[in-house]
Amino acid sequence: MWRRVQAHPKAWDMIVVGGGATGVGVAIDAASRGYDVLLLEQSDFGKGTSSRSTKLAHGGVRYLEQGNIGLVMEALKERGLLLQNAPHLVHDLAFVVPNYDWWEAPFYGLGLKLYQLLAGKYGFGASRILSREETLEHLPTLKTEGLRGGAVYYDGQFDDARLLIHMVATAFEQGATLLNYVEVTGLTKDPSGFVDGVTTRDVVTGNEFRASAKAVINATGPFTDLLRLQAEPSAVPMIVPSQGIHLVFDSTFLQGDSAIMVPHTSDGRVLFAIPWHGHTLVGTTDTPVAKAALEPVAMEQEIDFILATAGRYLAKAPTRDDVLSVFAGIRPLVRAPGVASTAALARDHVIHIDRSGLVTICGGKWTTYRRMAEDCVDQAATLAQLPEKPCVTHHLNIHGFHGAAKQFGNLAVYGSDAIEIRKLIEDDSRLGEPLHPALPYLKAEVVWAARREMALTVEDVLARRTRALFLNARAALEMAPAVADLMASELGWDESTRTRQLAAFRDVASNYVISSRNSA
Ligand SMILES: Cc1cc2nc3c(=O)[nH]c(=O)nc-3n(C[C@H](O)[C@H](O)[C@H](O)COP(=O)(O)OP(=O)(O)OC[C@H]3O[C@@H](n4cnc5c(N)ncnc54)[C@H](O)[C@@H]3O)c2cc1C
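Residues numbered from 1 in each chain as written. Predicted model: local features only at pLDDT ≥ 70, side-chain atom pairs only at ≥ 80, totals over all residues. Heavy atoms only, no water.

**So, the pairing of strand S4 (residues 91–99)**
The criterion, for reference: Only protein chains enter the accessibility calculation, which uses a 1.4 Å probe. A residue is then buried if its area is under 20% of the maximum for its type, exposed if over 50%, and partly exposed in between. The way it works is that DSSP assigns letters per residue, a run of H or I at least four long becomes a helix, a run of E at least two long becomes a strand, and they are numbered from the N terminus. Strands pair, by our definition, only if DSSP identifies at least two bridges between them.
Within S4, seven of the nine residues are buried, leaving the element largely enclosed by the surrounding structure. As paired strands, S4 and strand S6 (residues 149–157) are joined by nine bridges and run antiparallel to one another. Bridging from a neighbouring strand, Val97 pairs with Ala151 of S6. Summarising the sheet, S4 and strand S12 (residues 259–262) pair through two bridges and their orientation is parallel.

Now the structure itself:
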């Protein structure tokens, strides 16, 4: 990637700032149209919000309730395209809304039927009302007291960081150049005040360089306004950051293959309990925060809220001691005048062009990244007076595309790359050894991540190339020394680099561990 940057003699067609779902989506769209694109991410790909979502490819049942039919239909279409283009990573999942009041079954049954109909040819499965017995067949560990029945509907589930890494590979295969650990430190302007490039700093070496572009695209998610202020000090903020957290438990809390959807928590939000990689994922909250952070930390009241709400629906109420991991993410919600609660803010995306010509894409959600990218590249190409080229991502396969990836067992999320990872093990059987008894990850995955997936730190491997940190933070901490050894031999680290890497990982991982209240 660096060689590509150094050999690049002229201005790029587009420079994308930010390597989350939005930025990488833009890079795929632009490169696959034939534009010349550079993407820069200050940390690792997906370090921001894009690895911290609920991992649902969904239309958003809640937005239906808010009357935003257009948004729901668009997202349902994108959900269908995601399944079509990345079948190794996206699958359908049954969601059950349990009913404890007589009016809930017909009410939610009708709404969910509408949700199903809006998907049209992109439908995932028929929703229907369930008897009490059918509800418990789907959710054997649901609280039975007062249970009347339920309603089932279908949505998509995926692994967000894994999809993002495969999107980075897709963008690269389409001709884009993408660098992680390169921070954009400023914007350059031509004599008329129009943004014409970026100044950057390589976070690993400290080297600085400039790159020029016909269009600069700000896809920095929760950090959107910081870059806009660089372009225009008087820019009016667009983003209201709102934090959401998830708790992860073992699979005994939610047995079976279905998820629970609670449409109205006491704070007016939706709460999910979802089977994910052999664990139970429960979230999320919606807490306005003053400032976006790259490594946000769950607040005590958020943890208490999720434990209390989950306890109302699960036969075995989870406690702090049951939490294997807690992670927080910041929603980059777009400001709307007169809306008091962040839960009520629309999840539409916005493309904004500042007077300086900086193109900002923000809002939206993971599910709609492809559509957001299409709209953004249309606008940026017009602004930069590039030759018009049609979007081709409707039918563009994501790297690893495989129609029957389940056959690869624990390596299924790698899709066709699983074949290559198995070859690594055939060549060196030690790489087939597991890294921890509590998690399915193999040594070969660390080697693969360092050689082929641009993993540069222990955290990259444990948080995003595998999901160890998100599934079981203590197990991830125990795996870290073995991961550091493998990375040291792949990347040529000396002992002090290895020690520093481990210390940095321990520091980050401490945010994912919950101490019991007495020892807190
Ligand atoms: C709790 C929660 C649950 C969610 N659940 C879902 C869900 O189930 N389904 C769904 O569809 N959506 C969901 N979303 C929404 C979705 O996750 C986000 O809309 C999406 O991930 C935003 O991606 P992004 O690329 O815009 O932002 P980010 O992923 O935050 O990426 C922005 C990137 O820009 C980088 N950056 C910032 N400044 C600079 C700079 N100066 N130089 C270089 N790089 C920079 C950051 O490091 C960061 O990696 C959820 C969001 C949250 C918070």
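Let us keep going from here.
**Description of the side chain of Ser43**
You can see Ser43 is positioned in the loop between strand S2 (37–40) and strand S3 (56–57). For Ser43, a relative accessible area of 9% corresponds to the buried category.

**Topic: the nonpolar core**
What counts here: As used here, the term nonpolar core means buried Ala, Val, Leu, Ile, Met, Phe, Trp, Tyr and Cys residues forming a set that is joined through side-chain atoms within 4.5 Å. Two residues qualify as a contact provided that any one of their heavy atoms is within 4.5 Å of a heavy atom in the partner residue.
Of all hydrophobic cores here, the largest spans 48 residues; its most connected members are Val458, Leu462, Leu469, Met479, Val483, Met487 and Phe505. Secondary structure elements with two or more residues in this core: helix H11 (417–427), strand S20 (439–442), helix H12 (443–452), helix H13 (458–465), helix H14 (468–471), helix H15 (473–491) and helix H16 (495–509). Ignoring anything within four residues of it in the chain, the contact list for Phe505 reads Val458, Glu459, Leu462, Leu469, Ala476, Leu477 and Ala480.

**Some details on the side chain of Arg331**
The condition is simple: Here a polar contact is recorded for every N or O atom pair within 3.5 Å, except that within protein the pair must consist of a potential hydrogen donor and a potential acceptor, and residues adjacent in sequence are included only if both atoms are side-chain atoms.
The topology assignment puts Arg331 in strand S16 (residues 325–334). In this structure the side chain of Arg331 is engaged in a polar contact, spanning 3.2 Å, whose partner is the backbone oxygen of Thr285.

**Thoughts on unusual backbone geometry**
Residue Gly283 is joined to Thr284 through a cis peptide bond whose omega torsion reads 15 degrees. Looking at where Thr284 falls in the secondary structure, it is placed in the loop between strand S14 (279–283) and strand S15 (287–288). A positive phi is found at Tyr181, a non-glycine position, where the angle reads about 60 degrees. Looking at the secondary structure, you find Tyr181 in the loop between strand S7 (177–179) and strand S8 (182–189). Positioned with a positive phi, Gln385 is a non-glycine residue whose angle comes to about 55 degrees. Position of Gln385 relative to the elements: it lies in the loop between helix H10 (369–383) and H11.

**A closer look at the site of the ligand**
What counts here: If a single non-hydrogen atom of a residue is within 4 Å of a molecule or strand, that residue counts as near it. What sets the accessible areas is the Shrake-Rupley method with a 1.4 Å probe; for residues, cover comes only from the shown protein chains.
The ligand sits among 37 residues. The nearest are Thr22, Glu41, Ser50, Leu56 and Thr367. Thr22 is positioned such that a nitrogen or oxygen atom in its side chain is 2.7 Å from an oxygen atom of the ligand. Within the backbone of Trp366, a nitrogen or oxygen atom sits 3.1 Å from an oxygen atom of the ligand. Here the ligand loses 95% of its free accessible area of 1000 Å² to cover by the protein chains. Elements with a contribution of two residues or more to the shell around the ligand: helix H2 (21–33), S8, strand S11 (239–250) and S16.

**A closer look at the packing of aromatic side chains**
The description of two aromatic rings rests on the distance between their centres and on the angle between their planes. What counts, and what does not: The aromatic pairing rule takes the rings of Phe, Tyr and Trp, using the six-membered ring of Trp, and pairs them if the centres are within 6.5 Å, calling planes under 30 degrees apart stacked, those over 60 edge-to-face and the rest tilted.
Enumeration over the complete set of coordinates arrives at 10 aromatic pairs. Where Phe249 meets Phe253, the ring centres are 5.2 Å apart and the plane angle is 45 degrees; that geometry is what we call tilted. Comparing Phe249 with Phe253, the two get one shared label, buried. Both rings, one in Phe470 and one in Tyr512, keep their centres 5.5 Å apart while their planes meet at 65 degrees; by these two values the pair is edge-to-face. Placement of Phe470 in helix H14 and of Tyr512 in the segment after H16 is noted, with a sequence separation of 42 residues between them. When its relative accessible area of 1% is taken as the criterion, Phe470 is described as buried. Grouped by ring-pair contacts, the aromatic residues Phe95, Tyr115, Tyr153 and Phe272 constitute a single cluster.

**Observations concerning the environment of Ala27**
Looking at where Ala27 falls in the secondary structure, it is placed in helix H2. Put simply, Ala27 and Leu39 are 12 residues apart on the chain and 6.7 Å apart in space, counted from C-alpha to C-alpha. Those residues in contact with Ala27 that lie beyond four places of it in its chain are Val37, Leu39, Ala171, Ala176 and Leu178.

**Regarding the state of the cysteines**
To keep it simple, the criterion reads: Disulfides are defined in this document as cysteine sulfur pairs within 2.5 Å.
Evaluated as defined, the whole model comprises zero disulfides. Unpaired in this structure, Cys376 has its nearest cysteine sulfur neighbour in Cys362, at a distance of 10 Å. For Cys376, a relative accessible area of 0% puts it in the buried group. Here Cys391 is not cross-linked by a disulfide; its sulfur's nearest cysteine counterpart is in Cys376, at 12 Å. On the basis of relative accessibility, which here comes to 19%, the residue Cys391 falls in the buried class.

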